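Residues per chain are reported as follows:
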Amino acid sequence: MNKSFLLAAALLILTLCACNSSDQNNKLPILGSREPITKEVDGKTVVDTLYKSIPAFEFLNQDSLPITGKTFDNSIYVADFFFTSCPSICPVMHRNMLKVYNKYKGNDEVMFLSHSIDTKYDTPSVLKKYAEKLGVDGKQWQFASGTKETIYGISPEYMVFAEENDQVAGGYEHQGWFILVDKDKHIRGAYNGTDEKEVDKLMKDMDILLREYEK
Amino acid sequence: MRNKLLYGFFGIITVCILIVSCQSSEEIQQARYYVNGKMAYETHCQNCHGAKGEGLGLLIPPLTDTTFISNNLNSIAGMIKYGVSGEMTINGKVYNGEMPAETHLTPVEITYIINYIGNSFGNKIGLYTQDQVQRDLSSSDN
C-alpha cells in the first residue's frame, strides 16, 4: 500500500517535471492544409511535405509605400483584419495588439500587419492618422490598404473570415483573429484578439517561435 | 416633566432613525444602479472605452477626467443616447472622433451607466437619479 503510494507520487512528480521542461524545446505546429510533393535529391526521388504558406501580396501602407511579402521576409509577424470606423471588436483588438507591439517594440525580428477591410474609406492617409492616434510610428506595424479583390482575396489565406455586410454595425463583418506567421510565411498560430488570455498566449508563442531562429 | 423628557428623547431617536434609514436606502439604490451599470457598461461601452475606462490612444477618450465628468454632468445622458462628434479636450489632450448614438438605450439603462461611470475610474458623483436623466434627455432632445 505504502509502496504503491510512493510510486504513484514519484510518477506524478516526474510527469510534472516533464511538462515543465517540454516548454523549453516546444515547437509550434504549422497550421493549414499540406500536401505531399515528390522531388529529386541527389538522383533519388523523395517525398516531402508542402506546407500551406501565405502567397505573394502587394498593398499600400500608411505612408503610401508598397509593401509585399518581401517586407516581412526577415521577421515573424502578426496579422489581423480591421477597419478604422469599426464600432465593435476593433478597439478591443488593437488595445490588445498595442500591448504586444509595445512588448516587441524595436525588435526587428517582429512585425505587425493590419489589413483594412474598408477598401473605400480607409485610404493610406486615413490609416496614417489612425496609426498616429493609436501611438504607433515607424515601420514595425504596417497598416495595409488594397482593393476589394486583394484584401478579401488574402483574408482566407490567413484563415480569417471577412466580408461586407450591411446587416452588421459598421457595414463589415470580420473575425478578430491574430495570426502568427513565421519567416517562411507559414501560419504558426491563431489567437482570439479580443481575449486577453489568448493574447498572452500569443506573446508566449512568439517567444517560442523566435527561439527557432536563434543560432 | 419626566414624561416630556422621555417623549422628547424618543422623538429625537425616531427622527435620527428616519434620517439614517433614508440615507441608507439612497445608498442601497446607488449600489443597485452601480451594479446594473457595470453590466450595461460592459455591454455598451467597454469595447471602446476599456474595462478601466482607459480609452485607446488618441482614438477613444478615457473616462478618467473627473473634472470633465463633473462639469458636464447634465450632458452625459444626451451624449450616451445621441452620440458625440467634434473636438473635445480630455485630460488635456484633444480628441476628434465620433461616438455612435445608442438611441435604443432606455432612460433606466442610461441612469445605470451614468451611476457606474460617475462612481468609477476616479469619479465620485454619488447618486444620479432617473428623474435627473429624464430632464437631461428632454433638454437635449432635438
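Residues numbered from 1 in each chain as written. Chains lettered and ligands numbered in written order. Predicted model: local features only at pLDDT ≥ 70, side-chain atom pairs only at ≥ 80, totals over all residues.

Here we take up the overall build of chain B. Of regular secondary structure, chain B possesses six helices and four strands. The order of α-helices and β-strands along chain B, N terminus first, is α-α-α-α-β-β-β-β-α-α. The dimensions of chain B, computed from C-alpha atoms along their principal axes, are 70 × 30 × 25 Å. Evaluated residue by residue, chain B yields a buried proportion of 25% over its 142 residues. In chain B, of all internal contacts separated by at least 6 residues, the share reaching a separation of at least 24 is 64%. (Helix = DSSP H or I, 4+ residues; strand = E, 2+ residues; numbered from the N terminus. Buried ≥ 20, exposed ≤ 12 C-beta atoms within 10 Å, placed from the backbone. Contact = placed C-beta atoms within 7 Å.)

This part is about the overall build of chain A. Counting its secondary structure elements, chain A contains five helices and eleven strands. Judged by the C-alpha coordinates and their principal axes, chain A covers about 70 × 50 × 35 Å. Once local pairs closer than 6 in sequence are excluded, the contacts in chain A between residues at least 24 apart make up 65%.

Residue and element names in this part refer to chain A. For strand β5 (residues 76–82), the buried fraction is high: seven of the seven residues fall into the buried class. Going residue by residue along β5, you find I76, V78, D80 and F82 tucked away on one face and Y77, A79 and F81 tucked away on the opposite face as well. With three bridges connecting them, β5 and strand β10 (residues 177–181) associate as antiparallel partners. Opposite Y77, over in β10, you have V181 as the bridge partner. (Pairing = 2+ DSSP bridges.)

In this section: unusual backbone geometry. Residue and element names in this part refer to chain A. Here the phi dihedral of M159 falls at roughly 65°; this positive angle occurs in a residue that is not glycine. Tracing the backbone shows M159 in the loop between α4 (148–154) and β8 (162–164). A positive phi is found at K185, a non-glycine position, where the angle reads about 70°. Locating K185 in the fold gives a position in the loop between β10 and β11 (187–192).

Below, the discussion takes up helix α5 (residues 107–117) of chain B. Here α5 of chain B lies mainly inside the structure; nine of its eleven residues are buried. For α5 of chain B, the full list of buried residues reads E109, I110, T111, Y112, I113, I114, N115, Y116 and I117 of chain B.

Structurally, F5 of chain A can be placed in helix α1 (residues 2–22). Expressed as a C-alpha distance, the spacing of F5 of chain A and Y172 of chain A, which sit 167 residues apart in the sequence, is 59 Å.

One finds Y77, V78, F178, I179, L180 and V181 of chain A to be the most contacted residues of the largest nonpolar core, which totals 52 residues. Excluding residues that lie within four positions of it along the chain, V181 of chain A makes contacts with I54, I76, Y77, A79, H186, I187 and R188 of chain A. Within the second largest apolar cluster, 15 residues are counted, among which are A77, I114, Y128 and V133 of chain B. (Core = buried A, V, L, I, M, F, W, Y, C linked by C-beta atoms within 7 Å.)

Further remarks concern the packing of helix α2 (residues 90–104) of chain A against helix α5 (residues 196–212) of chain A. Residue and element names in this part refer to chain A. Where α2 meets α5, the axes come as close as 10 Å, and the angle between the chain directions of the two elements is 25°. Classified by the angle between their axes, α2 and α5 sit roughly parallel to one another. Crossing angle aside, the handedness with which α2 passes α5 is right-handed. The residues of α5 that touch α2, namely those facing N96, K99, V100 and K103, are E196, V199, L202 and M203. (Axes fitted to C-alpha atoms, helices over the stretch in contact; angles between N-to-C directions. Parallel < 35°, antiparallel > 145°, perpendicular 65-115°, else oblique. Left-handed = near helix turned anticlockwise from the far one by under 90°.)

Attention now moves to the sheet that holds β10 of chain A. Residue and element names in this part refer to chain A. Ordered in space as β7-β6-β5-β10-β11, the five strands form an open sheet in which the pairing is mixed. Every other strand in the sheet has two partners, leaving β7 (141–144) and β11 as the edge strands with one partner each. Neighbour-to-neighbour, the strand axes of the sheet open up by a mean angle of 20°, direction not taken into account. Its contacts with the sheet put α5 on β5, β6 (110–116), β10 and β11, and the angle it makes with β11 is roughly 165°.

This brings us to the interface of chain B and chain A. Facing the nine residues of chain B at the interface are ten residues of chain A. Split by residue class, the side of chain B that touches chain A holds six nonpolar, three polar and no charged. (Nonpolar A, V, L, I, M, F, W, Y, C, P; charged D, E, K, R; others polar.)

Attention now moves to the environment of L50 of chain A. Residues and elements named next belong to chain A. Summarising the element assignment, L50 is placed in strand β2 (residues 44–51). Assessed through the 11 C-beta atoms surrounding it within 10 Å, L50 is described here as exposed. Between the C-alpha atom of L50 and that of F72, which follows or precedes it by 22 residues, the distance is 21 Å. Contact partners of L50, with chain neighbours within four places excluded, come to R34, E35 and I37.

Time to look at the pairing of β10 of chain A. Residues and elements named next belong to chain A. Among the five residues of β10, five are classified as buried, and the element is accordingly described as predominantly covered. On β10, burial covers both faces: W177, I179 and V181 on one face and F178 and L180 on the other are all buried. Note: β10 against β11, five bridges, orientation antiparallel. From the neighbouring strand, F178 faces β11, where its bridge partner is Y191. As consecutive antiparallel partners, β10 and β11 are separated by five residues, and within that stretch K185 has a phi angle of approximately 70°, a positive value.

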